[in-house]
Amino acid sequence: MMQRSNTLLRAGTTGLLALALLASACSRAKGPDKTVIQDTGSDTMVNLAQAWAEEYAAVDPAVSVEVSGGGSGTGIAALSSGTVDIANCSRRFEPQEIEQARKNTGKAPHEFRVGFDALAVYVNKKNPLNEITIDQLAGIYAEGGQLTKWSQLGVKPPGGSDEIVCVGRQSNSGTYFYFREAILGKGRDFKLGSRDMQGSKDVVELVANTPSAIGYSGMGYNTPAVKQLRVSKAAGQPAYPPTVETTLNHTYPIARPLFMYTLGEPGGAVRKYLDWVNSDAGQKIVLQSGYVPLPKPGN
């Protein structure tokens, strides 16, 4: 009886060992855990960043790029606290932000230019206005600006309202920051009463649903429900639409570079990913997403 019990015990032990080895083999077959790259920031860039991440999953299945938006300010704050690997920004770090990152982490932000965005000015598709000047935009948006009615621009939008409804972005947005600097000028701020939206898509949707509205957002957010205005530097000068060509030849006056930042010089999986973003394959996605790819060397 004792011998039979020992035999059963040995058999049970052997069975458990076989199961353990099988489980171990299954675990190895699944491969090691993926390397995760945390990528956050610019809402202008969030769709582009997501498109990059999805394509890169096929390029390197061992790496998962996790993307979130929230605005350039959100990405800058997250990188400066060391909680993300990459910050997407539609503006550059300010000197005080660089210093804060260095103070928090011991490293300075390292900049990668990854494309361009022509900041488009949107009106409702039924608005008869087709072009606008930088000074007129300042008159609409700037504190103390005197342009408050569409009739002052010589047009009558559908819907019966002559009041210009200003649509913009919240202050943590790089788009807000860039528009203020490029259009309003140093030392000027936005007038009160604008409808400040959290996301680029939200701006375009509100303009599409508000006949008397005007808004600014990335060129990649264009839809059939809105119209992108041609913009001129000054009255009497040619007005240009936001396109790849007018961005690269600098005729469209409110175009800007797009950036990705890391803490210090990146290495490993992050470096490989950023190199791919700036490769022909990555830059093709910039164009497909409605933005402007980097010019090829020599152009």
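Here is what the cut-offs are and how they apply
Residues numbered from 1 in each chain as written. Predicted model: local features only at pLDDT ≥ 70, side-chain atom pairs only at ≥ 80, totals over all residues. Heavy atoms only, no water. Helix = DSSP H or I, 4+ residues; strand = E, 2+ residues; numbered from the N terminus. Buried < 20%, exposed > 50% of the residue type's maximum accessible area, 1.4 Å probe, protein only. Contact = heavy atoms within 4.5 Å. Polar contact = N/O pair within 3.5 Å; in protein donor to acceptor, adjacent residues only side chain to side chain. Phe/Tyr/Trp six-rings, centres within 6.5 Å; stacked < 30°, edge-to-face > 60°. Core = buried A, V, L, I, M, F, W, Y, C linked by side-chain atoms within 4.5 Å. pLDDT = per-residue confidence, 0-100. Pairing = 2+ DSSP bridges. Salt bridge = Lys/Arg side-chain N within 4 Å of Asp/Glu carboxyl O.

**A look at the overall build of the protein chain**
Across its full length, the protein chain carries 10 helices and 11 strands. Within the protein chain, the fraction of its 299 residues that count as buried is 44%. Looking at the protein chain alone, contacts between residues at least 24 apart form 74% of all its contacts between residues at least 6 apart.

**Considerations on the side chain of Ser 200**
One can find Ser 200 in helix α7 (residues 200-209). With a relative accessible area of 1%, Ser 200 lands in the buried category. A distance of 3.5 Å separates a polar atom in the side chain of Ser 200 from a polar atom in the side chain of Thr 44. When residues no more than four places from it in sequence are discounted, the contact partners of Ser 200 are Asp 43, Thr 44, Arg 169, Ser 217 and Tyr 221.

**Considering the packing of aromatic side chains**
Within the structure shown, the criterion is met by 12 aromatic pairs. Both rings, one in Tyr 56 and one in Tyr 273, keep their centres 4.8 Å apart while their planes meet at 70°; by these two values the pair is edge-to-face. In this pair, Tyr 56 is assigned in helix α2 (residues 46-59) and Tyr 273 in helix α9 (residues 268-277), connecting sequence segments 217 residues apart. Its relative accessible area of 4% is what places Tyr 56 among the buried residues.

**Let's talk about the nonpolar core**
Ranked by size, the top nonpolar core spans 68 residues in total, and within it Trp 52, Ile 140, Tyr 141, Ile 214, Met 260 and Tyr 273 carry the most contacts. In terms of residue count, strand β4 (residues 109-124) provides more of this core than any other element does, nine residues in total. Ignoring any residue separated from it by four or fewer positions in sequence, one finds Ile 140 in contact with Ile 132, Leu 147, Leu 153, Ile 164, Cys 166, Lys 191 and Ile 214.

**Observations concerning the confidence of the model for the protein chain**
Mean pLDDT for the protein chain: 88, with 89% of residues reaching 70 or above. Low pLDDT, under 50, characterises residues 1-31; the stretch is placed with zero contacts to residues that sit more than four places away or in other chains.

**Considerations on unusual backbone geometry**
In most cases, non-glycine residues show a negative phi, while peptide bonds are predominantly trans. Its identity as a non-glycine residue notwithstanding, His 250 has a phi of 65°, on the positive side. Positionally, His 250 belongs in the loop between α8 (244-248) and β11 (255-263).

**Examining the pairing of strand β8 (residues 213-218)**
Taken across its six residues, β8 has six buried, putting it largely inside the fold. Relative to β8, β4 runs antiparallel, the two being bridged by five bridges. Following the sheet pairing, Ala 120 is matched in β8 by Ser 217. Judged from the three bridges that link them, strand β6 (residues 165-169) and β8 form a sheet pairing that is parallel. If you follow Val 167 over to β8, its bridge partner there is Gly 215.

**Examining the pattern of salt bridges**
Enumeration according to the criterion identifies 11 salt bridges in this entry. Among the ionic pairs, Glu 163 bridges to Lys 149, the shortest N-O distance being 2.4 Å. Placement of Glu 163 in the loop between α5 (134-141) and β6 and of Lys 149 in the loop between α5 and β6 is noted, with a sequence separation of 14 residues between them. Its salt-bridge partner being Arg 180, residue Glu 181 comes within 3.7 Å of it at the nearest N-O pair. It is possible to trace a salt-bridge network through shared partners that takes in Glu 265, Arg 271 and Asp 275.

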